[in-house]
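A closer look at the structure
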Amino acid sequence: MTFKKGYIEVCLTTEDGIQHLRCHGWLKRQKILIKSEQVFRETPTAKDFGMFIIVIPSEELRDIMEYQSDMFTDLEVLSKEEERWDTYKKIKDKDFIQNIQDFMFSLVPKNKIDIDEFTNKANEATLSMFKSSKDFTADYVLEDFMNYDEKITDLNYLIGYFEEQERYEDCAHLLKIKDKIIANEKFRTE
């Protein structure tokens with residue numbers, strides 16, 4: 001990643017929660033860009049608590065070094081892409097890897113999911129909630145977590161889904177909810 005001329009990327013490592021919070025507060029007060037923040041899971045062998053990757057004007061590097069040991073234990077200037085990855089590779093603790101994975105997602109799931117089965121379960125669960133809970137139905141009709149068009153599209157999809165299975169009683173139940181949404185929208189706009 002390229003930055004404005006005169007800015008550098010720096011990795012600060014903290015040794016405990018107090019130091020980490022102190023460093024975080026100082027960076028925020030100084031309006032220093034925090035590119036990433038990582039808190040590692042505590043293990044008996046871990047010597048670091050967390051780290052920040054920040055972007056600062058190069059002339060402030062000397063100033064920030066004065067705070068070493070008070071707000072962070074280690075400072076590393078990341079001048080090349082390889083050095084950024086080396087910083088992450090240094091920590092081979094499985095908890096660290098797991099901690100990163102908690103914030104990552106993949107478009108390809110670990111276990112293949114049958115989309116049809118997933119859709120079926122989701123549709124059945126939604127219908128079951130509509131049938132078993134008047135409060136759920138009332139919230140769905142009256143609350144604004146979805147706009148009018150989204151609700152109508154959602155219900156039209158469900159009606160079409162159950163119509164394909166020739167489950168006309170379920171379609172009738174969903175149509176009643178759709179009629180309530182239409183009536184509620186008319187009431188709001190009058």
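Everything below is about the structure printed above this text.
Reading the values: the criteria
- Residues numbered from 1 in each chain as written.
- Predicted model: local features only at pLDDT ≥ 70, side-chain atom pairs only at ≥ 80, totals over all residues.
- Heavy atoms only, no water.
- Salt bridge = Lys/Arg side-chain N within 4 Å of Asp/Glu carboxyl O.
- Helix = DSSP H or I, 4+ residues; strand = E, 2+ residues; numbered from the N terminus.
- Buried < 20%, exposed > 50% of the residue type's maximum accessible area, 1.4 Å probe, protein only.
- Pairing = 2+ DSSP bridges.
- Core = buried A, V, L, I, M, F, W, Y, C linked by side-chain atoms within 4.5 Å.
- Contact = heavy atoms within 4.5 Å.
- Phe/Tyr/Trp six-rings, centres within 6.5 Å; stacked < 30°, edge-to-face > 60°.
- Arc of directions from axis to C-beta.

**Re the pattern of salt bridges**
Two side chains of opposite charge can pair, provided their charged atoms sit close to one another. For the structure shown, the criterion picks out six salt bridges. Between arginine 22 and aspartate 70 there is a salt bridge, and its shortest N-O distance comes to 3.3 Å. One end of the pair, arginine 22, is in helix α1 (residues 17–29); the other, aspartate 70, is in the loop between α2 (61–65) and β4 (74–78), and 48 residues separate them in sequence. Across the pair aspartate 170 and arginine 167 runs a salt bridge whose closest N-O atoms are separated by 2.9 Å. The exposure class of aspartate 170 is buried, given its relative accessible area of 7%. You can call arginine 167 partly exposed: its relative accessible area is 23%.

**A look at unusual backbone geometry**
Peptide bonds are, in most cases, trans, and in most cases residues other than glycine have a negative phi. Here lysine 31, not a glycine, exhibits a phi torsion of approximately 55 degrees, which is positive. By secondary structure assignment, the location of lysine 31 is in the loop between α1 and β2 (33–39). Owing to a relative accessible area of 77%, lysine 31 belongs among the exposed residues under this scheme. The backbone of glutamate 166 sits at a positive phi, close to 60 degrees, despite the residue not being glycine.

**What to know about the pairing of strand β1 (residues 7–14)**
Each regular strand shows side chains that alternate between the opposite faces of the sheet. In terms of burial, β1 is largely enclosed, as seven of its eight residues are buried. Examined bridge by bridge, β1 and strand β3 (residues 50–57) share eight bridges and lie antiparallel to one another. Residue pairing in the sheet places threonine 13 in a bridge with methionine 51 of β3. For β1 and β4, the ladder comprises five bridges, and the chain directions are antiparallel.

**Looking at the environment of aspartate 149**
Relative to the elements of secondary structure, aspartate 149 occurs in helix α7 (residues 148–164). The sequence separation of aspartate 149 and isoleucine 182 amounts to 33 residues, and the corresponding C-alpha distance is 10.0 Å.

**A short note on the nonpolar core**
Counting residues in hydrophobic clusters, the biggest one holds 16 residues, and the most contacted among them are Val10, Leu12, Leu27, Ile54, Ile56 and Ile64. Elements with a contribution of two residues or more to this core: β1, α1, β3 and α2. Once residues within four sequence positions are removed from consideration, valine 10 is found in contact with Phe52, Ile53, Ile54, Ile56, Leu61, Leu75, Glu76, Val77 and Leu78. Counting 15 residues, the second largest nonpolar core, distinct from the first, contains Leu127, Tyr161, Cys171 and Ile177.

**So, the packing of aromatic side chains**
The tally for this structure, following the rule as stated, stands at five aromatic pairs. Between tryptophan 26 and tyrosine 67 the ring centres are 4.9 Å apart and the planes differ by 50 degrees, which places this aromatic pair in the tilted class. In this pair, tryptophan 26 sits in helix α1 while tyrosine 67 sits in the loop between α2 and β4, placing the two residues 41 residues apart along the sequence. An angle of 55 degrees between the planes, with centres 5.2 Å apart, marks the rings of phenylalanine 130 and phenylalanine 136 as tilted. Aromatic ring contacts, followed pair by pair, group Phe130, Phe136 and Tyr140 into a single cluster.

**Focus: helix α6 (residues 134–142)**
Considered for burial, the residues of α6 that qualify are Thr137, Tyr140 and Val141. Projection of α6 onto a plane perpendicular to its axis shows the buried side chains occupying an angular sector of 95 degrees, all on one side. Contacts from the buried residues of α6 go to α5 (115–132), α7 and α8 (168–189).

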